[in-house]
Amino acid sequence: MKKIMMIVVVIVATLSSCKKEEITCNPTSCGTITNDGITDGCYWLEIRNTCSDNKKKFCFDQDVWMSAYVGTNFCVTGVQPW
């Protein structure tokens, strides 16, 4: 009986001490690449913003496009957060 009670106490203590991690977002131009393609000479990446969850397409040169993969994190410099 004592063993069962001790297990219950440990489980309750573990569950009650867990706090959901709160993510604070500062405006950012980073996110996850959700899609890519080539349209009219534009090597584009569609990126889902980490904070706003909005998606936006950006054109890059071929070297950048070839080294970026769907599902990876990517930051765009020189743009406003979207």
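Residues numbered from 1 in each chain as written. Predicted model: local features only at pLDDT ≥ 70, side-chain atom pairs only at ≥ 80, totals over all residues. Heavy atoms only, no water.

Visitor: What is the right way to read the sheet that holds strand β3 (residues 55–60) from this model?
Guide: For sheets, the rule is that strands pair by backbone hydrogen bonds, running either parallel or antiparallel. The four strands are arranged β3-β2-β1-β4 in an open sheet whose pairing can be described as antiparallel. Edge positions in the open sheet fall to β3 and β4 (73–75), since each of these has one partner strand only. Taking each pair of neighbouring strands and ignoring which way they run, the sheet shows an average axis angle of 45°. Of the strand pairs in this sheet, strand β2 (residues 42–49) and β3 are connected by six bridges, and their pairing is antiparallel. Bridge assignment links glutamate 46 to a residue of β3, and that residue is lysine 57. (Pairing = 2+ DSSP bridges. Helix = DSSP H or I, 4+ residues; strand = E, 2+ residues; numbered from the N terminus. Axes fitted to C-alpha atoms, helices over the stretch in contact; angles between N-to-C directions.)

Visitor: Would you explain the state of the cysteines in this entry?
Guide: Working definition: the covalent bond between the sulfur atoms of two cysteines is a disulfide. The full count for this structure, using the stated rule, is two disulfides. With its sulfur 1.8 Å from that of its partner, cysteine 30 forms a disulfide with cysteine 75. A torsion of 105° about the S-S bond marks the disulfide between cysteine 30 and cysteine 75 as right-handed. With cysteine 30 in strand β1 (residues 30–39) and cysteine 75 in strand β4, this residue pair connects regions lying 45 residues apart in the sequence. Here cysteine 42 pairs with cysteine 59 through a disulfide, and the sulfurs are 1.7 Å apart. Handedness of the cysteine 42-cysteine 59 disulfide follows from its S-S torsion of about -100°: it is left-handed. Highlighted residues: cysteine 42 in strand β2 and cysteine 59 in strand β3, separated in sequence by 17 residues. Under the relative-accessibility criterion, cysteine 42 is labelled buried at 14%. Taking relative accessible area as the criterion, cysteine 59 reaches 53% and is therefore assigned exposed. (Disulfide = S-S within 2.5 Å. Buried < 20%, exposed > 50% of the residue type's maximum accessible area, 1.4 Å probe, protein only.)

Visitor: Got a minute to help me understand the pattern of salt bridges in this structure?
Guide: A pair can form between side chains of opposite charge whenever their charged atoms are brought close. Under the definition given, this model contains two salt bridges. Measuring nitrogen to oxygen at the nearest pair gives 3.9 Å for the salt bridge that ties lysine 55 to glutamate 46. A relative accessible area of 45% means that lysine 55 is categorised as partly exposed. Judged by its relative accessible area of 15%, glutamate 46 is buried. With a closest N to O distance of 3.7 Å, arginine 48 and aspartate 53 form a salt bridge. (Salt bridge = Lys/Arg side-chain N within 4 Å of Asp/Glu carboxyl O.)

Visitor: For this particular structure, what's the right way to read the packing of aromatic side chains?
Guide: Geometrically, a pair of aromatic rings is defined through the distance of the ring centres and the angle of the planes. For the structure shown, the criterion picks out four aromatic pairs. Taking the centre distance of 6.4 Å and the plane angle of 50° together, the rings of phenylalanine 58 and phenylalanine 60 count as tilted. Taking the relative accessible area as the measure of exposure, phenylalanine 58 reaches 9% and is therefore buried. Residues phenylalanine 58 and tryptophan 82 carry aromatic rings whose centres are separated by 5.0 Å and whose planes lie at 65° to one another, so their mutual orientation is edge-to-face. Within this pair, whereas phenylalanine 58 is found in strand β3, its partner tryptophan 82 is found in the segment after β4, the two being separated by 24 residues in sequence. There is no split in this pair, since phenylalanine 58 and tryptophan 82 are both buried. Among the aromatic residues, those joined into a ring-pair cluster are Phe58, Phe60, Phe74 and Trp82. (Phe/Tyr/Trp six-rings, centres within 6.5 Å; stacked < 30°, edge-to-face > 60°.)

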